[in-house]
Amino acid sequence: MPGLVLRALRWRAGLSLTVWICAVVVCAGAALGPVFALAAAESGLQDVLREAGASTGVRLLGTVDGSPQVTLAQAQQRLTAAERLPGIAHRPDRIGSLYVQADGAVGSGVMHTRMVWRDGVCSQVRLTAGRCPTGPGEAMVSSRSVSAELGWKVGEQLTLTSTVDGFSTDVRIVGAYTPISTASPRWSGQSYFQIGQDKDGIPFTDTVFVSRPTFGALPPTALMQQAVDLPLDDASVRIADLDGLRAQLGTLRAETRGRFTVSSDIGAVLDDARTAQARIDAATALVVLQLCVLGWLVLHRVLVDTVEARSADIALAKLRGFRRLQLLRFGLGEPFVLLLVAVPVGAALAYAGALLLTRAVLLPATPVVFPWQAGLALVAAVAGGVGAIVQSAWSALRRPVLDQWRRTSTNRHGTRTGVIADVAVAVVALAAFVALRAAGPGGGPVTLIGPGLLVSAAGFGGARLLPVVLRAAVPATAASRRIALFLAVRQVARRPAGLRLVALLTVAVGLAVFGVGGQVVASGNRATRAAAEIGAARVVALQYTPGEDVVAQVRRADPQERWAAAAAEWLGFGGDQVPGAVLAVDASRLAAVGARADGLLAPAPAAALLTRGAVDPTVVRGRSMAVRITVTDPSGGPLPRIRFDLRAVDGSALQVNSDTLRPGTAEYRAAVPCARGCQLAGIDVSSDARATGTVSGTMRIDRLSVDGAAVDTGFARSGSWRAADPLGDARDRVRATSEGLEDRFSVGSGGTGGLVHGDVLDPVPAVVGGHGAASPRIGAKPSTQASDGSSVRLRVVDAAPVVPVVLDDGVLVDLRSFQAALPTFAVDAQWSVWLGPRAPKDAVERLRAQGLVVDGGTSIAARDAELTRQGPALALLLLAVCAVTGALLAMGGTAVSIGAAVRRRSYEAAALGTVGIRRGQLYGAALVEQLLLLGTAVVVGVPAGVLALVLALPAVPQFADDSPVPLAALPPALPIVLCAVVLVALVTVTVLVSAARVVRAGSATRLREAEE
């Protein structure tokens, strides 16, 4: 019997090869899901761990009787105990640290800081001056602390005084550092790098790192905090390690009880990883299940036609006296052998496919293994294939010999049963789709079967409508001279056996259209979301130093305004109705560097709105300032005094008095503390509170000089200056003339008026993100406050669904205008530089050359790749791959089915040829018949796929989390058209080959073969 099976396979080599390919695809599809799901889960785990950063670490905080404050001796004991702990999996490093909250003083200046010794700190910083501390009494401070604004210097003696128990120690500053990355897990999430002012106005600065011998020289009773950090080696962690990581905390708590307090956020991180893995597993299972079901149905249909083609052979075997077991082996041997041989090949293809997908979309170095779930899926695939084989061969083995030798079937009951089954499938699929559509994206991964349900309803329902339509065409073609159409219509109408395969092909075509279109839509939505969340092609984070002018530094790095813009994100400390965070960007460069995407705020119009009426600030450097003023038409009491409003480099306000105005032309001088630079914010006209009555007049300002050199302040340019908001009884009417700036002033007792430079907009134009009830309306003037209590008013000039970075929970403003109105926001903001698509390769080096300290960053491409690795995106990608594979499988199944029917159809073609039907007419009839069958699959399947895009895609989750970014619902027409063209081409080739095979086999000798 094995020899007979092998000879049969060789005799029908082409048919056997096609059946084997169908079985291979089914097995490969079944195994692909678990293999790729595990790889995707491993990649997703790495993403979760990277995003969590230092929160995956474990901190052992030394305690005595529950208090974190310990003496030096107690700290030393706990450090030694930590070193003696047994090895901990995935945590090879143990980073000890000693910590004292202190005030640092050089001379009379005092700043809050921290005195810290930490293992390996020198490998995590970049020295900008001096060296790392090694001996007793040595320290290094941050580069920001030795800036001109804060004033510490390398080589000076620094007195550190504990704010806990008051002990003091003197250290010598031997170096200045800049952290390589403040986000590095090696810092264990500790707040070592903060700078600004507290609520009392006392400055605080970055950590002072000292040597361990410095702590050893402290008084024995000095109190400090001691900790040992155990950072996680992310790259070594696999899915199989998650339970062990969770158990580590309990083990550590038991081993260190009474000496340490163990803390970590690893539990929440592992929960997120498990949730992501569950979503990926569910999504891939549902997607692959659809491919497997489609593959099983196609395999079943192919086997039915194949066994039907062998009916005569089975009948002969019965006449030869084959017993039931022999008959089973004879009838089922070939497909069983093909199925079993397909298993290892399918497994290998699944592994290769998962490997390709992993390298294409997942993180580099993601492991790809063959898990036990893949073996179980292969068993299920084989079981489904065995079921298809048994069911397809059962009727052929039980039918009488005479029925098997018939050229036509008389089984009307089977036809009626098939119609009822197909209609039931269509109705159930449609009802299930409606339920999933109502659930929306909240339904989770199960919504991925929605498109399959919809196209199944269209496929099975549409295929059964074809005979109904064609039966109506039978009378119309009765007297037709178009023999090809006459024959084709009757062939399809009276023999609907091929409609089941047409239904499957329709489903496959519809899923392919949905898969391709859905992938195009999802890819575009990921790009849109990444652009909205990042803001520019690349964003470089900065470590801000008080007093530095980031905008000016960035402009010097990019003088052509082509590729760089300064930006800052800031959250206010109070105010009135400002929603969320403030994103401040150098709007003059927003059009050049801002990301563009459909549905997002366009950079160029937004820049125009934000900079309307704004001018560049006037920066002065020197020690003496003078302004030339001509006063005419004075009236009333004593003339007011001139006062210069300045902003220091740290953003603080400076007011410097000059002389009292007098009639005629004169220069009004004042000594100003602007050797390092100041911005001229305004020129006040202030009346003494002891004066009585109101004084008025006209003053014309035509020149301002610093240290004797003239400075262009735009006195003659319209828009460069405006009237200041009055304090008390004051009024100013300002206009620019060719001779200078003219101010018709009127000031009452104690009142203050004057001029404000044009870079100080009040209110500051803003674009608000979001259209909710809580969002300010256009024209509204909300306010916000800085940490020092100063405030600024905004004016909403436009609203958008989302604005860059802060999305629907914040506002977008011009950085220059906002900083001019609220200078002190800078110390609390997160600063960055936006780099556009035309940024040169050495962009970061150019920024560093201007004194900016770069601290990591991200890009739209990196965020897009991260979104692509999320479970929903991977599921849609896998759906597209499986859908296209399913369409090809259905095409192949169609070819097999037609090939299997060639022998039966050849008798009909031969008979028609003997009664005078020409060969060309026979070919035309076969061609039209196949076009009616297979063309229906394309005509119904493509619109069904498009309908699934319209109705089902909005219900399918595209991201693992919610996002306010507007999402596109439909793809561009071109991908759908190209997909349809490819499908039509495949169907056309199948039709041409099939029609040619039928006609070629229909020779007159076939009838003599039947007589024999």
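The name given to the protein chain in an unreviewed UniProt entry is FtsX-like permease family protein, with the source organism recorded as Amnibacterium kyonggiense. Its UniProt record gives the protein chain a comment under Sequence similarities (unreviewed entry), which states: "Belongs to the ABC-4 integral membrane protein family." Recorded under Subcellular location (unreviewed entry), the UniProt text for the protein chain is reproduced unchanged: "Cell membrane".

1. Let's talk about the environment of Ala-980
When you line up the elements, Ala-980 lands in helix 24 (residues 973–1001). On the accessibility criterion, Ala-980 (17% relative accessible area) is buried. It is 9.6 Å that separates the C-alpha atoms of Ala-980 and Val-939, two residues lying 41 residues apart in sequence.

2. With respect to helix 5 (residues 242–255)
Relative to the 20 Å expected for 14 residues at 1.5 Å per residue, helix 5 spans 21 Å between its end C-alpha atoms, a close match to the ideal helical length. Remark: the principal bend of helix 5, roughly 25°, maps to Gln-248. When helix 5 is considered as a whole, its buried residues turn out to be Leu-242, Leu-245, Gln-248, Leu-249 and Leu-252.

3. Side note on the pattern of salt bridges
The tally for this structure, following the rule as stated, stands at 26 salt bridges. Within the structure, one salt-bridge network assembled from shared partners comprises Arg-529, Glu-533, Arg-863, Glu-866 and Asp-961.

4. As for a nonpolar patch on the surface
Together, Val-946, Leu-947, Val-950, Leu-951 and Leu-970 line one region of the surface with nonpolar side chains, adding up to about 360 Å² of accessible area. Looking at the element boundaries, Val-950 is found in helix 23 (residues 919–951).

5. Here we look at the pairing of strand 27 (residues 764–769)
Burial analysis of strand 27 places six of its six residues in the buried class, which makes it a mostly covered element. Residues Val-764, Ala-766 and Val-768 line one face of strand 27 and the alternating positions Pro-765, Val-767 and Gly-769 line the opposite face, and both faces are buried. As judged from the six bridges shared by strand 27 and strand 29 (residues 791–800), these two strands associate in the parallel manner. The residue bridging Val-768 from the neighbouring strand is Ala-799, located in strand 29. Across four bridges, the pairing between strand 27 and strand 30 (residues 810–814) is antiparallel. By the bridge assignment for strand 30, Val-767 is matched with Leu-812.

6. Quick notes on the packing of aromatic side chains
Tallying each qualifying case throughout the model produces 14 aromatic pairs. Each ring, one from Phe-193 and one from Phe-209, has its centre 6.5 Å from the other, and the planes form 50°; the classification is tilted. With Phe-193 in the loop between strand 7 (168–179) and strand 8 (196–197) and Phe-209 in strand 10 (residues 208–210), this residue pair connects regions lying 16 residues apart in the sequence. The exposure classification of Phe-193 matches that of Phe-209, with both residues buried. What links up through ring pairs into an aromatic cluster is the set Tyr-177, Trp-187, Tyr-192, Phe-193 and Phe-209.

7. Some words on the state of the cysteines
One pass over the structure, following the stated rule, counts two disulfides. Across the disulfide, Cys-674 is cross-linked to Cys-678 (sulfur-sulfur distance 2.2 Å). Disulfide Cys-674-Cys-678: torsion about the S-S bond near -100°, hence left-handed. Side by side, Cys-674 and Cys-678 carry an identical accessibility label, which is buried. Numbered by position along the chain, the disulfide-linked cysteines of the protein chain connect as 1-2, 3-4.

8. Details of the environment of Val-58
You can see Val-58 is positioned in strand 1 (residues 58–62). Sequence separation of Val-58 and Leu-252 is 194 residues, and the distance between their C-alpha atoms is 9.5 Å. Among all residues touching Val-58, those that are not within four sequence positions of it are Arg-91, Val-228, Asp-229, Leu-230, Leu-249, Leu-252, Val-262, Ser-263 and Ser-264.

9. Structural notes on empty space enclosed by the protein
Rolled over the atoms, a probe with the dimensions of a water molecule shows which regions are left empty. Enumeration according to the criterion identifies seven cavities of 30 Å³ or more in this entry. In this model, the largest cavity occupies a volume close to 120 Å³. Every residue lining the largest cavity is counted, 15 residues in all, and those nearest its centre are Ala-595, Leu-600, Leu-601, Pro-603 and Pro-804. For the lining of the largest cavity, the class distribution of residues is 13 nonpolar, two polar and no charged.

10. A look at the side chain of Arg-118
Here Arg-118 is to be found in strand 3 (residues 109–118). A polar side-chain atom of Arg-118 sits 2.9 Å from a polar atom in the side chain of Asp-229. Contacts of Arg-118, omitting those with residues within four sequence positions, involve Arg-59, Ile-95, Gly-96, Ser-97, Arg-186, Trp-187, Ser-188, Tyr-192 and Asp-229.

11. Considering the layout of surface pockets
Volume-wise, the second largest pocket comes out at about 1700 Å³. If you trace the second largest pocket, you find 49 residues lining it, with Thr-182, Ala-183, Ala-541, Gln-830 and Asp-855 closest to the centre. Sorting the residues of the lining of the second largest pocket by element identifies helix 2 (13–52), helix 14 (499–534), strand 13 (538–542), strand 14 (564–570), strand 31 (830–835), strand 32 (854–859) and helix 20 (860–868) as the ones contributing at least two each. A per-class count over the lining of the second largest pocket returns 24 nonpolar, 14 polar and eleven charged.

What counts, and where the lines are drawn
- Residues numbered from 1 in each chain as written.
- Predicted model: local features only at pLDDT ≥ 70, side-chain atom pairs only at ≥ 80, totals over all residues.
- Heavy atoms only, no water.
- UniProt positions renumbered as here; feature names shortened; annotations may be inferred.
- Helix = DSSP H or I, 4+ residues; strand = E, 2+ residues; numbered from the N terminus.
- Buried < 20%, exposed > 50% of the residue type's maximum accessible area, 1.4 Å probe, protein only.
- Expected span 1.5 Å × (residues − 1).
- Bend = angle between axes of the 7 residues up to and from the residue.
- Salt bridge = Lys/Arg side-chain N within 4 Å of Asp/Glu carboxyl O.
- Patch = residues over 30% accessible without salt bridge, like charges linked within 9 Å, V, L, I, M, F, W, Y side chains within 5 Å.
- Areas by Shrake-Rupley, 256 points an atom, 1.4 Å probe, with all protein chains shown as cover.
- Pairing = 2+ DSSP bridges.
- Phe/Tyr/Trp six-rings, centres within 6.5 Å; stacked < 30°, edge-to-face > 60°.
- Disulfide = S-S within 2.5 Å.
- Contact = heavy atoms within 4.5 Å.
- 1 Å grid on protein atoms, 1.4 Å probe; cavity = no way out; pocket = protein on both sides within 12 Å on 5 of 7 lines; lining within 4 Å.
- Points joined across faces, edges and corners; volume = space filled by probe spheres on them.
- Nonpolar A, V, L, I, M, F, W, Y, C, P; charged D, E, K, R; others polar.
- Polar contact = N/O pair within 3.5 Å; in protein donor to acceptor, adjacent residues only side chain to side chain.

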